[in-house]
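# Commentary on secondary and tertiary structure
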Amino acid sequence: MRQSRGNPYAPFRMGIQSYSLRHFGFERALSLTRELGLTLCEAFPMHFPYFAPRDQWGSMQAMVKRSGVQVVAYGVVGFGADEKAARTIFEFAKVMGIEVLTADPEPVSLSYLARLCEEFKIPVAIHNHGPGTRYDKIRDVEQATRGQPDWIGVCIDTGHFLRSGEDPVEAVRRFGKRVHAVHLKDVKGRTQFTLLGKGDLDTRGFLKALKQVGFKGCLALEYEEKPEDPIPDIRQCLQVVQETIKQV
């Protein structure tokens, strides 16, 4: 099913985090994305490197265009004290038509990120990455976004919030219009990544909350398991999304 013809995921823009297809080269990953009936993806940097020589950016852009898949989100990227290095990431994103950067920004970078977001018209979505990381809890992300313009928002990774003992539905409610990106996955017992619908995620409640806050970003499925042969499980996860959407 093509999203442009009777979107079975409406009102959402369904896509995939290309990390789910990390066993494959990016061109093959894009082809598989189309085979899964999707036309949107979030590319992770080792698939689609912003640090590639600039004279290769054109051919990278052409390869994506041929695939029929749009790279609408990108990450997770790091931002540190070096604003010049950060600018390169934004320049790459602008050339590639990327709408949002998912990120793990060091606190020092928050002094300049909003300015770059405004200049390039590309928001940054702070990604939570589970227990022991910089943005483990909802309150950690809230603290980072406090006092920042809406350009600095959130990428809710449902699996990592579950690993941290946090409620992804509550995260949507608390961040509201600052939810710029989503990594949709499920976890059982705070330890085991699993098929969507087989873990502890309140999938219906989460999608309902996204709908209520008017989420317009890429709803990116991210499947961590079976990297050599993830397609059958990814199909099951996408089916769960379709069935759950009918209930919200």
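Here we summarise the structure given alongside this text. Fair warning: this is a prediction, and the values are worked out from it, not measured in the lab. (Residues numbered from 1 in each chain as written. Predicted model: local features only at pLDDT ≥ 70, side-chain atom pairs only at ≥ 80, totals over all residues. Heavy atoms only, no water.)

## A closer look at the overall build of the protein chain
On a plain count of helices and strands, the protein chain comes out with nine helices and 10 strands. A compact globule built from 248 residues should have a C-alpha radius of gyration of about 18 Å, and the protein chain, at 17 Å, falls within 12% of that. For the protein chain, buried positions account for 56% of its 248 residues. For the protein chain, the share of sequence-separated contacts (at least 6 apart) that also reach a separation of at least 24 residues comes to 76%. In the structure as shown, the protein chain presents an accessible area of about 10,800 Å², 48% of it carried by carbon and sulfur atoms. Averaged over its 34 positive side-chain charges, the protein chain has a centre that lies 5 Å from the centre of its 30 negative ones. (Helix = DSSP H or I, 4+ residues; strand = E, 2+ residues; numbered from the N terminus. Rg over C-alpha atoms; globule rule 2.2 N^0.38 Å. Buried < 20%, exposed > 50% of the residue type's maximum accessible area, 1.4 Å probe, protein only. Contact = heavy atoms within 4.5 Å. Areas by Shrake-Rupley, 256 points an atom, 1.4 Å probe, with all protein chains shown as cover. Lys, Arg positive; Asp, Glu negative; His and termini not counted. Charge placed at Lys NZ, Arg CZ, Asp CG, Glu CD.)

## Notes on the nonpolar core
In this structure, Phe26, Phe79, Phe90, Phe206 and Leu210 are the most contacted members of the largest nonpolar core, which totals 78 residues. Apart from the residues lying within four places of it in its own chain, the contact partners of Phe206 are Ile156, Thr158, Pro168, Val169, Val172, Val182, Leu184 and Leu201. In this structure, Ala73, Val100, Ala125 and Cys155 belong to the second largest nonpolar core, which totals five residues. (Core = buried A, V, L, I, M, F, W, Y, C linked by side-chain atoms within 4.5 Å.)

## Thoughts on the pairing of strand β1 (residues 13–17)
A regular strand places its side chains so that they alternate between the two faces of the sheet. For β1, the tally of buried residues reaches four of five residues, placing the bulk of the element in the interior. When β1 meets strand β10 (residues 218–221), the two strands line up parallel, connected through four bridges. Across the sheet, Gly15 pairs through a bridge with Ala220, a residue of β10. Note that β1 and strand β2 (residues 40–43) share two bridges and pair parallel. (Pairing = 2+ DSSP bridges.)

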